[in-house]
Amino acid sequence: MRRLTWTNQYVFFTLISVLKLYLVRIILYKDYNVMRAVGLELAPLLLLYSVAEVAGRKFKSIIYLAVSFLFSSILLALILYYEQFGRIINYESIYLISYVGHVQASLKELFSYWYLVFYLDLVVVFLLLFVKRHPFRSASGLGVVKFVALLFVALLLSGFNIYEHRASRINITQFAQAAGIMNAEGVQVYHELKQSWAAGHVGTVTQSDIEACRRIDGDEAQPRWKGISTEPRFFGSARGKNLIVVQLESFQNFLLGLKVEGQEITPNLNRLAQGSLVFSHFYSQIGQGNTSDAEFIFNTSLYPLENGAISSSYPNKDFPSLPKVLREHGYASFTFHGNDLSFWNRKELYAGLGYDRAYDKQFFGEEETLGMGPSDQVLFRKALPVLTEAQRQGQTFYANFITLTCHHPYILPPERLDLTLPKEIEGTLTGNYLKSSHYVDEAIGEFIEGLKQAGLWADSVMVFYGDHFGLNAWKLDKGEEKILQKILGRSYDEIEMFHIPLLIRVPGLLGEVVTQSGGQVDALPTLANLLGVNLADQVHFGVDLLNARQNIFPLRFYFPEGSFINDEGLFRADSKKARKLETRDEFELPGGYQSEEKKVHDLMYLSDAYLRNLPERSKVGDVFMRGS
Ligand code: GP9
Ligand code: MN
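Residues numbered from 1 in each chain as written. Chains lettered and ligands numbered in written order. Predicted model: local features only at pLDDT ≥ 70, side-chain atom pairs only at ≥ 80, totals over all residues. Heavy atoms only, no water.

Colleague: Any chance you could explain helix H2 (residues 34-53) here in plain terms?
Modeller: Each α-helix winds once per 3.6 residues, and so residues spaced three or four apart point in a common direction. Where H2 bends most, the angle comes to about 40 degrees, and this point is Glu-41, followed within four residues by the proline Pro-44. Turning to H2, its buried residues are Ala-37, Leu-40, Glu-41, Ala-43, Pro-44, Leu-45, Leu-46, Tyr-49, Ser-50, Ala-52 and Glu-53. (Bend = angle between axes of the 7 residues up to and from the residue. Helix = DSSP H or I, 4+ residues; strand = E, 2+ residues; numbered from the N terminus. Buried < 20%, exposed > 50% of the residue type's maximum accessible area, 1.4 Å probe, protein only.)

Colleague: Sorry, what's going on with the coordination of the manganese ion (ligand 2) here?
Modeller: The reference angle at a metal is 109.5 degrees if four donors form a tetrahedron and 90 or 180 degrees if six donors form an octahedron. Around the manganese ion (ligand 2), the protein contributes the donor atoms Glu-249 (OE), Glu-249 (OE), Thr-291 (OG1), Asp-467 (OD) and His-468 (NE2), at 2.1 to 2.3 Å from the metal centre. Because the angles between the six donor atoms bound to the manganese ion (ligand 2) fall within 56 to 168 degrees, the donor set is best described as irregular. The exposure class assigned to Glu-249 is buried, which follows from its relative accessible area of 2%. (Donors = N, O, S within 2.8 Å, 3.2 Å for Na, K, Ca; no water. Tetrahedral: all angles 85-135°; square planar, octahedral: opposite > 155°, others 65-115°.)

Colleague: Help me understand the sheet that holds strand E6 (residues 332-337) in this model?
Modeller: Picture the strands of a sheet paired through backbone hydrogen bonds; they go either parallel or antiparallel. Strands sit in the order E13-E4-E12-E11-E1-E10-E6-E7-E20 across an open sheet of nine strands; the sheet is mixed. A single partner strand is all that each edge strand has here, and the edge strands are strand E13 (512-514) and strand E20 (625-626). In terms of strand pairing, E6 meets strand E7 (residues 357-359) through three bridges, oriented parallel. Bridge pairing in E7 links Thr-335 to Ala-358. Sitting on the sheet, helix H12 (residues 267-274) touches strand E1 (242-248), strand E4 (277-279), strand E11 (460-466) and strand E12 (502-505), and the angle it makes with E12 is about 55 degrees. The strands touched by helix H16 (residues 346-353) within the sheet are E6, E7, strand E10 (397-402) and E20, with E6 carrying the most contacts at an inclination of about 160 degrees. (Pairing = 2+ DSSP bridges. Contact = heavy atoms within 4.5 Å. Axes fitted to C-alpha atoms, helices over the stretch in contact; angles between N-to-C directions.)

Colleague: I would appreciate a short explanation of the site of ligand 1 in the present structure.
Modeller: Around ligand 1 lies a shell formed by Glu-249, Asn-290, Thr-291, His-337, Asn-339, Phe-343, Trp-344, Arg-346, Met-372, Leu-404, His-407 and His-468. Here an oxygen atom of ligand 1 sits 2.9 Å away from a polar atom, N or O, in the side chain of Glu-249. Contact between ligand 1 and Asn-339: an oxygen atom at 2.9 Å from a side-chain N or O atom of the residue. Within the complex, 97% of the 300 Å² of free accessible area of ligand 1 lies under protein. Across the shell around ligand 1, the residue classes tally to four nonpolar, six polar and two charged. (Near = heavy atom within 4 Å. Polar contact = N/O pair within 3.5 Å; in protein donor to acceptor, adjacent residues only side chain to side chain. Areas by Shrake-Rupley, 256 points an atom, 1.4 Å probe, with all protein chains shown as cover. Nonpolar A, V, L, I, M, F, W, Y, C, P; charged D, E, K, R; others polar.)

Colleague: In this structure, what is going on with the environment of Ile-297? I would like to understand it.
Modeller: With respect to the element layout, Ile-297 can be found in helix H13 (residues 290-300). Residue class for Ile-297 comes out buried when judged on its relative accessible area of 0%. The spacing of Ile-297 and Gly-180 is 117 residues in sequence and 33 Å in space, taken between C-alpha atoms. In contact with Ile-297, not counting residues within four places along its chain, are Gln-285, Ile-286, Leu-302, Pro-304, Gln-520 and Val-521.

Colleague: Help me understand the packing of H2 against helix H8 (residues 144-164), please; the structure alone is not making it clear to me.
Modeller: In a pair of packed helices, the angle between the axes and the distance between the axes together describe the arrangement. It is at 8 Å that the axes of H2 and H8 come closest, and there the two elements cross at 140 degrees. The angle between H2 and H8 falls in the class oblique. As for the relative orientation of H2 and H8, their crossing is left-handed in sense. Residues Gly-39, Leu-40, Ala-43, Pro-44, Leu-46, Leu-47, Ser-50 and Glu-53 of H2 touch H8, and the partners they reach there are Phe-147, Leu-150, Leu-151, Ala-154, Leu-155, Leu-157, Ser-158 and Asn-161. Of the residues that constitute the contact of H2 with H8, the class distribution is eleven nonpolar, four polar and one charged. (Parallel < 35°, antiparallel > 145°, perpendicular 65-115°, else oblique. Left-handed = near helix turned anticlockwise from the far one by under 90°.)

Colleague: So what exactly am I meant to see when it comes to the confidence of the model for the protein chain here?
Modeller: Low-pLDDT stretches of the model should not have their predicted coordinates read in fine detail. Looking at the protein chain, pLDDT values average 89 and 90% of them are 70 or higher. Note that pLDDT drops below 50 for residues 218-228; the model gives that stretch 23 contacts with residues more than four away or on any other chain. (pLDDT = per-residue confidence, 0-100.)

Colleague: Looking at this model, I keep getting lost on the pattern of salt bridges. Mind explaining?
Modeller: A side chain with one charge can pair with a side chain of the opposite charge if their charged atoms come near. All told, the structure shown has 30 salt bridges when counted by the stated rule. Two residues, Arg-617 and Glu-348, come together in a salt bridge whose shortest N-O distance is 3.1 Å. With Arg-617 in the loop between helix H23 (593-613) and E20 and Glu-348 in helix H16, this residue pair connects regions lying 269 residues apart in the sequence. Connected via shared salt-bridge partners are Arg-490, Asp-493, Glu-494, Glu-496, Arg-572, Asp-574, Arg-579 and Arg-584. (Salt bridge = Lys/Arg side-chain N within 4 Å of Asp/Glu carboxyl O.)

Colleague: What am I meant to see in the packing of H13 against H16 here?
Modeller: Relative orientation of the contacting elements H13 and H16 amounts to 0 degrees, with a least axis distance of 11 Å. Classified by the angle their axes make, H13 and H16 are roughly parallel. Note on element contacts: H16 touches H13 through Arg-346, Leu-349, Tyr-350 and Leu-353, opposite Thr-291, Ser-292, Glu-295, Phe-296, Asn-299 and Thr-300. A class-by-class count of the residues in the contact of H13 with H16 yields four nonpolar, four polar and two charged.

Colleague: What exactly am I supposed to notice about the packing of aromatic side chains here?
Modeller: Between two aromatic rings, the relevant description is the distance of the centres plus the angle of the planes. Taken as a whole and judged by the stated rule, the model has 35 aromatic pairs. Taking the centre distance of 5.5 Å and the plane angle of 75 degrees together, the rings of Trp-474 and Phe-559 count as edge-to-face. Taken together, the residues Trp-474 in the loop between E11 and helix H20 (478-488) and Phe-559 in the loop between strand E15 (552-554) and strand E16 (564-566) connect sequence positions 85 residues apart. Assessed through its relative accessible area of 36%, Trp-474 is described here as partly exposed. Ring geometry for Phe-498 against Phe-559: centres 4.9 Å apart, planes inclined by 65 degrees, an arrangement best described as edge-to-face. One end of the pair, Phe-498, is in helix H21 (residues 494-498); the other, Phe-559, is in the loop between E15 and E16, and 61 residues separate them in sequence. Its relative accessible area of 1% is what places Phe-498 among the buried residues. Taking relative accessible area as the criterion, Phe-559 reaches 2% and is therefore assigned buried. By the ring-pair criterion, three or more aromatic residues cluster together here, those being Phe-334, Phe-336, Tyr-359, Phe-363, Phe-364, Phe-380, Phe-397, Phe-401 and Phe-447. The side chain of Arg-166 reaches across the aromatic face of Tyr-163, ending 4.0 Å from its centre. Lying over the aromatic face of Trp-457, Lys-452 brings its terminal NZ or CZ to 5.2 Å of the ring centre. (Phe/Tyr/Trp six-rings, centres within 6.5 Å; stacked < 30°, edge-to-face > 60°. Lys NZ or Arg CZ within 6 Å of the ring centre and 35° of its normal.)

Take a look at the structure:
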């Protein structure tokens, strides 16, 4: 008679893994309910370890150990990623955990040696393998009938849990809590497979498909799309000028104009704003690829992915992009960033975007490291001669800068900071964030001065925008919330969190506040209009914010699929509630939310299909020159 005892490896590993998931549920969700953990997590684990159970007799123990090691590592990745980004990581994107490692200061803050407990059982079992008569050796298997019956019950239970909580599927973090972490991961696998199959069945995506999809009833704007011959406003106002774009790390809109105890946080940007086009309702649309996604969206006018960073999910694609379209108008393109090009797979991303030259850590050196890499002052100082040299050669250029110093956890040495904060803010996350932003602004001031002295100012369009939030409204503690309430005069929320600055200074154009709402996806069409570049032949999902009178754009990854911002508010696909961008009041979408949500889903579907169907680059690797 075969007995089912804990000494059976199948039983042992499954139970110990339930225990681990119980711990994970406590760490992530503060959920101490044992019965819930068993009810939700047991079934998928029975299915997972069945793989090892059916494996050959000879290496069974080794296979169990391997599966369990992998499982424990995934759990660890899950915890670390959650602590950093406040979200459950998707199985597909597990590789992204290496980026948490790159952010060394953050990792140190996040890691606890207690987490090694997840590997304790493996050490014990491994040592047991060297004991002659260890319990697993004498334990018998389950027997085929019992085994199959068990799997059948597990499948039913998993299916039930998934079905029961299907409503929260839209948000993987909530779904994992409600339906079980392993069930949620399983559903993601299924979903990804289904999506890739669907994308394979969409033919060529054209600009008119996108416009037809986006069409907003009663919208008579966007004359260029409708083939009306009147020239769009500001078309060609910056024709032939150099383009200098600065993507600001973790930079939020509330920093602009903010004063703390009479001190401006961003005096240089504030001064610049006076004579610039200031986009007052501009929002971050990044996905899991954070900074690199912002670079991608800005330079391509395509959406990020539901899951995964573009740079890692599509490393070999040939993207239609700003560097490429400007090349046709005689521009050379350079990108400058102080980190190593391997981070976020930028080597591939930059090749895909088609930059002529990329300058990274190798170029900037390590002598003045601040936070994650070379300081922003070094970034601008060392890059300036590259720009003056291009100018000397009569070469029009697009220079793209990605700042780095203002990165979480925003801790800079005191001697670099000249902002005096009130006692209650000093040393807090918010306080450090304000100080870091102030430092970046100082570096910008120096850069602007340098450009003026080099005689580049009059011939260059300057663009400043933020990549994404610096303060996570979903994870702030009460103390930080109170501080923000005090300095902002209102409560800090997710609308504020995704609100980023966009300033465009065009020589000869007067400053103006542009209230049309937009996202990073709209930057390329807006700049193309100013530079007098026709985008008719290039697929783009954004609109020209200087001419559009209506807009709708999705928020992915950080928000459940189907969420979006339009002219009035931010709509969340999970609660089906929209809140005004200005007052935060709840409001009904005219005509209901279904049609708008469908529009956004269709747009994302088109963007995903377009990306998936883009050709691969003929030469894979870095086709650009490395700046030296
Ligand atoms: C590092 C920079 C910062 O190169 O991209 O990374 P983030 O975490 O903001 O994506
Ligand atoms: Mn960033």
